[in-house]
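Structural overview
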Amino acid sequence: MAMTREQRETLLSSWIKPSSDNEQDQQDRACRMVQDAVKKHDAFSGVSIAIYVKGSYANNTNVRRDSDVDVVIENQECMYSEADDGVTPPPSSPYTGIWLPGKWRSEVTLALTNAFGAGHVTNGKIALRVDEVAGSRPSIDVVPSFEYYRYMRYSKAKGSCVWPSAGSKIVNWPAQQLANGIAKNNASSRRYKWYARALKHAENHLVKNDLLSALPSYLMECLAYNVPNDTLRGGSLDYGFQETLRFLYLGLDRNDYMEWVEPNGLKWLFRGDKKWTAAQAKELILRTWQLLDY
């Protein structure tokens, strides 16, 4: 039997909710524990370090019972940068200190293993994963990063960069993602983040039922970010989500997606080396449409 509009409204009303208060407390506790681990590590004494959360937790697009935390430990003793074509960056002296990427990653790893135990810290390609403790804290992805700047023609942007255990550096722009996400959410009457969570719930359901291969949850946030505000906030909760899916499917079908950006506004969504493809995104949208019997 096909799902009714009332049933979809009920389902969407549950999907758009953020973490529960208890989950929020556990996420906050996880962040404090990472901060304490850094403070207690003698090798970091006197080093300029910024510690902050990024990703869905920081941007309030995380969903219930899917609440791991991304924490950045950013070295600000050594700065990296890039300049757009035709732009000359300001002069700077070469860095001569000890904090090269390998040294920084190894000391962050040691600080975490001292605090949480070696058996509870896994060294991944990009992040260091600290195991979940059920009922106390979620899993924590710790990213050992460096301060980073991009010099553009009329402005500069501050971000962070990380060197994976293998491969070239990855640059992220968490401050821009946070600011743009807040602005988008306000302009869309909060539906940007509602529908980002709804897409994440739909993907979780589809993967659990072997109807879709798992995708990075950040992709769903990116897709929702590219939907016009008028489309997001149009009509009822159910109607707005249907039109959101329609816009995304048509854009992916007509190659409009080549102009779509990540929420930070500084990276193209589907250009370059990505963890996802337009075909995968299109399948997600189609499967979600079918799941809700639109």
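Reading the values: rules and limits
Residues numbered from 1 in each chain as written. Predicted model: local features only at pLDDT ≥ 70, side-chain atom pairs only at ≥ 80, totals over all residues. Heavy atoms only, no water. Helix = DSSP H or I, 4+ residues; strand = E, 2+ residues; numbered from the N terminus. Rg over C-alpha atoms; globule rule 2.2 N^0.38 Å. Buried < 20%, exposed > 50% of the residue type's maximum accessible area, 1.4 Å probe, protein only. Contact = heavy atoms within 4.5 Å. Areas by Shrake-Rupley, 256 points an atom, 1.4 Å probe, with all protein chains shown as cover. Lys, Arg positive; Asp, Glu negative; His and termini not counted. Charge placed at Lys NZ, Arg CZ, Asp CG, Glu CD. Patch = residues over 30% accessible without salt bridge, like charges linked within 9 Å, V, L, I, M, F, W, Y side chains within 5 Å. Salt bridge = Lys/Arg side-chain N within 4 Å of Asp/Glu carboxyl O. 1 Å grid on protein atoms, 1.4 Å probe; cavity = no way out; pocket = protein on both sides within 12 Å on 5 of 7 lines; lining within 4 Å. Points joined across faces, edges and corners; volume = space filled by probe spheres on them. Nonpolar A, V, L, I, M, F, W, Y, C, P; charged D, E, K, R; others polar. Phe/Tyr/Trp six-rings, centres within 6.5 Å; stacked < 30°, edge-to-face > 60°. Lys NZ or Arg CZ within 6 Å of the ring centre and 35° of its normal.

Looking only at helices and strands, the protein has 10 helices and 7 strands in total. Taking 2.2 N^0.38 as the reference for a compact globule, 294 residues should give roughly 19 Å; the C-alpha atoms of the protein span a radius of gyration of 20 Å, in line with that estimate. By principal-axis analysis of the C-alpha atoms, the protein measures approximately 65 × 50 × 30 Å. For the protein, with 294 residues in total, the buried portion stands at 45%. Considering only contacts within the protein whose residues lie at least 6 apart along the sequence, 66% involve residues at least 24 apart. Counting only carbon and sulfur atoms, one obtains 48% of the accessible surface of the protein, whose full area is about 14,600 Å². The average position of the 36 basic charges and that of the 34 acidic charges among the side chains of the protein differ by 2 Å.

Most peptide bonds adopt trans geometry, and most residues besides glycine take a negative phi value. At D210, a residue that is not glycine, the phi angle is positive and equals roughly 60°. Along the chain, the position of D210 falls in the loop between α6 (191-208) and α7 (217-225). A positive phi angle is found at N255, which is not glycine, with a value near 70°. Looking at the secondary structure, you find N255 in the loop between α9 (237-253) and α10 (278-291). With a relative accessible area of 48%, N255 lands in the partly exposed category.

Moving on, we get to a nonpolar patch on the surface. Among the surface-exposed residues, Y95, I98 and L100 lie close enough to one another that they form a single nonpolar patch of about 280 Å² accessible area. Assessed through its relative accessible area of 54%, I98 is described here as exposed.

What follows deals with the layout of surface pockets. Of the pockets and cavities examined, the largest pocket occupies roughly 1,600 Å³. Lining of the largest pocket is provided by 46 residues; of these, I170, N172, Y218, K267 and K275 occupy positions nearest its centre. Counting only elements with at least two residues in the lining of the largest pocket, the list comes to α3 (55-59), β2 (69-83), β5 (140-151), β7 (170-172), α5 (174-187) and α7. In terms of residue class, the lining of the largest pocket is built from 17 nonpolar, 11 polar and 18 charged.

Enumeration over the complete set of coordinates arrives at 14 salt bridges. Of the charged contacts in the structure, one is a salt bridge between R8 and D238, with a shortest N-O distance of 2.9 Å. Here R8 is found in helix α1 (residues 5-15), whereas its partner D238 is found in helix α9, with 230 residues between them in sequence. Summarising the burial analysis for this pair, R8 and D238 share the class buried. Across the pair E221 and K200 runs a salt bridge whose closest N-O atoms are separated by 4.0 Å. With E221 in helix α7 and K200 in helix α6, this residue pair connects regions lying 21 residues apart in the sequence. You can call E221 buried: its relative accessible area is 2%. On the basis of relative accessibility, which here comes to 3%, the residue K200 falls in the buried class.

Moving on to the packing of aromatic side chains. Aromatic ring pairs: the centre-centre distance and the angle between the two ring planes describe each pair. Within this structure, the stated rule accounts for 16 aromatic pairs. Aromatic pair W99 and W104: ring centres 5.3 Å apart, planes at 85°, arrangement edge-to-face. Take W99: its relative accessible area is 6%, and that puts it in the buried class. Overall, the relative accessible area of 0% leaves W104 in the buried class. With a centroid separation of 5.2 Å and 80° between ring planes, the pair formed by Y257 and F270 is classed as edge-to-face. One end of the pair, Y257, is in the loop between α9 and α10; the other, F270, is in the loop between α9 and α10, and 13 residues separate them in sequence. For the pair shown, Y257 and F270 are each scored as buried. Connected via pairs of aromatic rings, a cluster forms that spans F44, Y80, W99, W104, F146 and W163. Positioned over the ring face of Y225 is K184, at 5.7 Å from the centre of the ring. The ring of W268 carries R271 above its face, with NZ or CZ at 3.7 Å from the centroid.

No statement about biological role is implied by the geometric values presented.
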